[in-house]
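The lines below spell out each chain.
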Amino acid sequence: MSADSLACAPPGGARADWTIDQDWAAYTAEDHRVWITLYERQAALLPGRACAPFLNGLDALDLHGQGIPDFDRMNERLAALTGWRVVAVPGLVPDEVFFDHLANRRFPAGRFIRRADQLDYLQEPDVFHDVFGHVPMLTDPVFADYMQAYGEGGRRAMSLGRLHNLARLYWYTVEFGLLDTPEGLRIYGAGIVSSRGESAFSLEDPSPNRLGFDLMRVMRTPYRIDDYQQVYFVLPSLQRLLDDTLQDFGPIYRRLDGLEDVGFADILPDDRVITRGSQAYASTSAARS
Ligand code: HBI
Ligand code: FE
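Here we summarise the structure given alongside this text. Here the structure is a predicted model, which means the values were calculated and not measured.

### Side note on the overall build of the protein
Piece 1. In terms of regular secondary structure, the protein is built from 13 helices and 7 strands.
Piece 2. Over its C-alpha atoms the protein spans a radius of gyration of 18 Å, differing by no more than 12% from the 19 Å that the globule rule assigns to 289 residues.
Piece 3. Each principal axis of the C-alpha distribution contributes one length, and for the protein these read about 55 × 40 × 40 Å.
Piece 4. Classification of the 289 residues of the protein by burial places 55% in the buried group.
Piece 5. The contacts in the protein between residues at least 6 apart in sequence include a share of 69% that link residues at least 24 apart.
Piece 6. Entry remark: accessible area of the protein is about 12700 Å², with carbon and sulfur atoms responsible for 52%.
Piece 7. Across the protein, 28 positive and 41 negative side-chain charges occur, with their mean positions spaced 2 Å apart.

Encoded structure:
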């Protein structure tokens with residue numbers, strides 16, 4: 001179910017802005033065990049793979065695997081750092097609701113957690129994807145500013161009928177972005193950092209393309225929601241993402257009018273190529289599906 005296919009009325013029990021109480025006491029021992037299992041898997045993988053702002057965020061929020069965090073307690077630390085707060089929602093919320101929360105420094109996190117037999121993939125973001133994946137980066141002041149700017153831009157994009165282009169920017173940065181650092185490429189995207197398989201694949205597998213980040217290029221590039229990405233975009237710095245997002249997108253949307261989308265695996269002549277991927281994984285997984 002895509003977010004914009006949801007009716008605009010919140011589900012039963014949710015407030016008008018689609019938020020619900022986390023009701024932390026209602027989580028079961030099994031729920032906390034699933035969180036701890038997922039956390040310990042990722043904690044073993046991420047040193048040397050996740051970027052410093054992410055790892056620092058885990059420390060700053062004391063997100064160290066004691067079970068599903070209590071949002072009220074986590075928000076005291078998070079709000080003191082960058083003014084962001086996490087609010088519980090039942091699952092995906094309509095785009096305009098999502099953007100409004102981001103524009104007000106509220107990050108909507110699914111309250112539910114996946115079952116023990118769904119550890120490796122689930123369709124809808126749960127509390128592990130949203131809180132472990134997304135929230136540590138919100139402790140970084142530059143990324144915190146970017147996420148608010150994205151929310152403000154989202155409402156404008158909807159009014160201009162350009163949501164699909166902006167959703168690609170979100171996908172290739174917030175969900176699946178890589179960052180170049182003096183120590184090498186590092187992960188900052190929540191979809192990667194919360195995934196056991198993709199944490200290694202995105203950095204080390206010869207299959208995907210890895211290209212220098214370019215705003216227009218990203219907004220011309222569709223994305224996969226069903227498998228590992230075939231292309232990752234690499235930022236030179238988080239500041240670059242914020243600077244690019246703070247500009248007026250009007251002229252950018254007008255330039256997009258005359259440009260075709262780019263295929264998942266295509267490399268254009270003026271792409272900054274970091275890895276020219278073999279696409280071996282994509283061709284085998286296509287055979288598998
Ligand atoms: N809702 N809860 C939630 N979490 C998301 O990440 C989310 C959403 N609704 C819409 C959405 N993401 C995407 O369409 C964004 O690109 C807007
Ligand atoms: Fe996400």
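### Here's the deal with the packing of aromatic side chains
Piece 1. Tallying each qualifying case throughout the model produces 20 aromatic pairs.
Piece 2. Plain terms: the ring middles of Tyr228 and Tyr281 are 5.0 Å apart, the flat faces sit at 20 degrees to each other, and that makes the pair stacked. You can see Tyr228 sitting in the loop between helix H10 (215–219) and strand E6 (231–235) and its partner Tyr281 sitting in helix H13 (residues 280–288), a full 53 residues away along the chain.
Piece 3. Where Phe249 meets Tyr253, the ring centres are 5.8 Å apart and the plane angle is 70 degrees; that geometry is what we call edge-to-face. Pair noted here: Phe249 and Tyr253 are both in helix H12 (residues 249–257), with a separation of 4 residues, about one helical turn.
Piece 4. Accessibility expressed as a relative area gives 7% for Phe249, which makes it buried.
Piece 5. Classification of Tyr253 by relative accessible area gives buried; the value is 5%.

### Describing the side chain of Arg114
Piece 1. Along the chain, Arg114 falls in the loop between strand E2 (106–110) and helix H5 (127–134).
Piece 2. By relative accessible area, Arg114 is classed as buried at 5%.
Piece 3. There is a polar contact of 2.9 Å between the side chain of Arg114 and the backbone oxygen of Leu119.
Piece 4. A distance of 2.8 Å separates polar atoms of two side chains, one belonging to Arg114 and the other to Asp126.
Piece 5. For Arg114, the residues in contact, after removing those within four places along its chain, are Val34, Leu38, Leu119, Leu122, Asp126, Phe128 and His129.

### What to know about the sheet that holds strand E3 (residues 178–181)
Piece 1. Spatial strand order, E4-E3-E6-E5-E7: 5 strands in an open sheet with mixed pairing. Edge positions in the sheet fall to strand E4 (184–187) and strand E7 (273–275), since each of these pairs with one other strand and no more. In this sheet, neighbouring strand axes are inclined to one another by 35 degrees on average, regardless of whether the strands run parallel or antiparallel.
Piece 2. Examined bridge by bridge, E3 and E6 share 2 bridges and lie parallel to one another. Residue pairing in the sheet places Leu179 in a bridge with Leu235 of E6.

Cut-offs and rules
- Residues numbered from 1 in each chain as written.
- Chains lettered and ligands numbered in written order.
- Predicted model: local features only at pLDDT ≥ 70, side-chain atom pairs only at ≥ 80, totals over all residues.
- Heavy atoms only, no water.
- Helix = DSSP H or I, 4+ residues; strand = E, 2+ residues; numbered from the N terminus.
- Rg over C-alpha atoms; globule rule 2.2 N^0.38 Å.
- Buried < 20%, exposed > 50% of the residue type's maximum accessible area, 1.4 Å probe, protein only.
- Contact = heavy atoms within 4.5 Å.
- Areas by Shrake-Rupley, 256 points an atom, 1.4 Å probe, with all protein chains shown as cover.
- Lys, Arg positive; Asp, Glu negative; His and termini not counted.
- Charge placed at Lys NZ, Arg CZ, Asp CG, Glu CD.
- Phe/Tyr/Trp six-rings, centres within 6.5 Å; stacked < 30°, edge-to-face > 60°.
- Polar contact = N/O pair within 3.5 Å; in protein donor to acceptor, adjacent residues only side chain to side chain.
- Pairing = 2+ DSSP bridges.
- Axes fitted to C-alpha atoms, helices over the stretch in contact; angles between N-to-C directions.

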